[in-house]
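# Report on the structure
Chain by chain, the residues run as shown.
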Amino acid sequence: MSIASAIQWIIPIAGIAAVLFALYLARDVLSRDTGTEAMQYVAGTIFEGAVAFIRRQYQTIAGLALVAAVIIAVVIGLVETKAVADTSVYGFDLGIRTGLAFLVGAACSMASGIIGMYISVRSNGRAASAAQRSLVEAVQVAMRGGAVSGFLVVSLSLLGVFLMFVAFGGVDNPAEAPFLIVGYGFGASFVALFAQLGGGIYTKAADVGSDLVGKVEAGIPEDDPRNAGVIADLVGDNVGDCAGRGADLFESTAAENIGAMILGVAVYTIALTNHWDHPETWIFFPLVVRAFGLLATIVAMFFIRGREDEDPMSILNRGYWVTTLLSAVGLAFVTSVMMNAGGRNGPDGVPVWLYFFGAGVVGLATSIAFVYITQYYTAGSWRPVKEIAEASKTGPATNIISGVAVGFETTFVTAVTISIALVVSHWLGDRAFSEISAGGPNPGGVYGTAVATMGMLMTCAYILAMDTFGPITDNAGGITEFSRASESAREITDRLDAVGNTTKALTKGYANASASLAAFLLFSAYIDKVNLILKNTGKPPMTSVDLSNVNVFIAAFLASMLVYLFSSLAIRAVGRSASSIIVEVRRQFREHPGIMDYSEKPDYARVVDITTRSALREMILPGAVAVLMPPIVGVLLGYEAVAGLLMVGTIAGVLLATVLNNGGGAGDNAKKYIEAGHLMDDQGNVIAKKTEAHAAAVVGDTVGDPFKDTAGPSLHVLVKLLATITLVLAPLFIR
């Protein structure tokens, strides 16, 4: 057995190794001290609220997924007949397989969300307890708790796609299997959209409601036990930032893997024609390179250590750099083994595999760029956050204006970075195959962008670990405040909470960038699938998308509208839900005045119940709009119009998500910047909590909350959902 053939076994080996390592980390975290009795009480209450919400949310989503799977199976069975099928499987046989793949993808996506939430709510109290002793120990507990989620979610995605590929005949017929499992990616996207929406609405409604009444009106600290909304707020950190983001990144990796494998089919055909050894490696490559990324992240976890006086962000960045460097080494090995193209060279005498290694490095570099771009715009050490904090001195209006301006500013560097990544990776891939495909179509350019996307996803497990670090430390801060822990412990959790805000923001930046690269990749996969169907029906292929075609223009126009309408519905849902919480918290303060002197206890459970019911009700409409728009446009306007919808929907979605994510994240940390005592007046006096500037920053933060934690993250999923749903339903659009 050659190395090129044997290396494919790294996929299940790395997936299983990551699961075992996650169990080791979970055992380590759960063996830690759980803190004082008061800490255990708060952590237990958060756990109960989070589990109750997740159970009700996923029961709702599961029902929607079952209905969707049946509809997909019937539509595919009726539409994708033998005359138009792009594989040897067609009719209801294909419909049933697609529906089954959809359900498996949906189930795995739900499992990812549950895993992310469960580990977080079991780690928060232990991180709070560790903060009583050491900053470094608290960082390690929170990061290891986050890493359990990161490893399990990414390994579940890797193993899921691999097993579906094998089950659907990928070993014997690798060129057909990627087209048969597209339903898996659609199922993952479907669940992720509703999970992100529901969790995002819950977390921000609770946050806005409890902050405005507690901090602004009642003048009590954040996470104060006298605030009836505080438990709902702490629960929301988990169901939104953990469960929602876990499902989001699961569907990102699953859908992008499948799209890259579809693009690999074109290279597989060239490999067969040129009699290269092991042509199937071009299809397997996306899975193999991600497996090496998982192994690199396992090693990096042992580098998360530092000094007590060190910036916690520096400790986390150290692990990220180890992951990135080891991933680059793994990428070089994998490309040299799997992409040697029969020993062929490019036009400059450079081996083909080296061009694709360069494309993968572009993806890794893009990941690094977005990590630091997001840190620049959302961390308190840099100009944007300081600018918003300064604007708070003159009231909430100037704070909000400054925050919105920062959000719009971030689109420049985002667009330029993504454009450079696409241009360079496409050029490298095109150059690699320019002589091999002379006289025929060159799939190298598009495949180069797929390799860049896979390179970016190599660090996904570590990025997700940093994301889950955020809500764990946020909860730890709430637990220390709620349990009246020592001031030194609260100081540590405040530092970690500020870092956690940045890690949550950089994950959104990473997810947004990967959505951009993935959307181009999935768009290309859609074109490939449409052209296969057109070829079978004797029609000319679609070689370009004509924006002067009125149908295409209308579809592009509607795609832009969809992005804004979807965001409006999501933000409005937060506003309505928050209003209910504000009314309830005010009522409890008014009718139970003993709450303020601790002689009466707030009714936390009532606020949790109100938030749960409201979030589940409000998530349906924006989700339904997102799912129904692409097939309606496709049926009415045709397959080329759908291509226009994908292109413009991606551009508009990515840019608006950038504005919402970074503008909201910068506003949040501007508030933290003031609370940490960094803002000074003209005489050099500290402007801290319980000042007009702080109150203005709290208002600005609450305005940005639904931007950065509801609409923005949901747009990442929307962009990829547009691609996966059209990929599955492409035969329906061809008349």
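Above this text you will find the structure in question.
First, a word on scope: everything that follows refers to the structure included in this document. (Residues numbered from 1 in each chain as written. Predicted model: local features only at pLDDT ≥ 70, side-chain atom pairs only at ≥ 80, totals over all residues. Heavy atoms only, no water.)

## So, the pattern of salt bridges
The condition is simple: By definition, a salt bridge exists where a carboxyl oxygen of Asp or Glu is found within 4 Å of a side-chain nitrogen of Lys or Arg. The way it works is that DSSP assigns letters per residue, a run of H or I at least four long becomes a helix, a run of E at least two long becomes a strand, and they are numbered from the N terminus. Relative accessible area decides the class of each residue, using a 1.4 Å probe on protein chains only: under 20% of the type maximum gives buried, over 50% gives exposed, and in between gives partly exposed.
Throughout the structure, instances matching the rule amount to 32 salt bridges. A salt bridge links Arg133 to Asp33; the nearest nitrogen and oxygen atoms lie 3.6 Å apart. Pair noted here: Arg133 is in the loop between helix H4 (91-131) and helix H5 (135-167) and Asp33 is in the loop between helix H2 (10-30) and helix H3 (37-79), with a separation of 100 residues, a long-range link. Relative accessible area serves as the criterion here: at 45%, Arg133 is assigned to the partly exposed category. Between Lys672 and Asp497 there is a salt bridge whose closest N-O contact spans 2.6 Å. Here Asp497 lies in helix H16 (residues 487-536) and Lys672 lies in helix H20 (residues 639-675), a separation of 175 residues in the sequence. Judged by its relative accessible area of 12%, Lys672 is buried. Relative accessible area serves as the criterion here: at 4%, Asp497 is assigned to the buried category. Where salt bridges share partners, they join Lys204, Asp207, Lys508, Asp668, Lys671, Asp701, Asp705, Lys708 and Asp709 into one cluster.

## Focus on the nonpolar core
The criterion, for reference: Only buried residues count toward a nonpolar core. Its members are Ala, Val, Leu, Ile, Met, Phe, Trp, Tyr and Cys residues joined through side-chain atoms within 4.5 Å. Whether two residues touch is decided by their heavy atoms; if any such pair falls within 4.5 Å, the residues are in contact.
Core analysis: the biggest nonpolar cluster contains 228 residues, and Phe151, Trp282, Phe433 and Tyr526 have the highest contact counts within it. Looking at this core element by element, the count peaks at 22 residues for helix H8 (residues 230-273). When residues no more than four places from it in sequence are discounted, the contact partners of Phe151 are Ala18, Phe21, Ala22, Leu25, Leu294, Thr297, Ile298, Met301 and Ala461. Core analysis: the second largest hydrophobic core is formed by 14 residues, Ile388, Ala389, Ala693 and Ala697 among them.

## Some thoughts on unusual backbone geometry
Phi angles above zero are rare outside glycine, and His275 is one such case at about 60°. With respect to the element layout, His275 can be found in the loop between H8 and helix H9 (281-300). Positive phi values are uncommon outside glycine, yet His278 reaches one of about 50°. In this fold, His278 is placed in the loop between H8 and H9.

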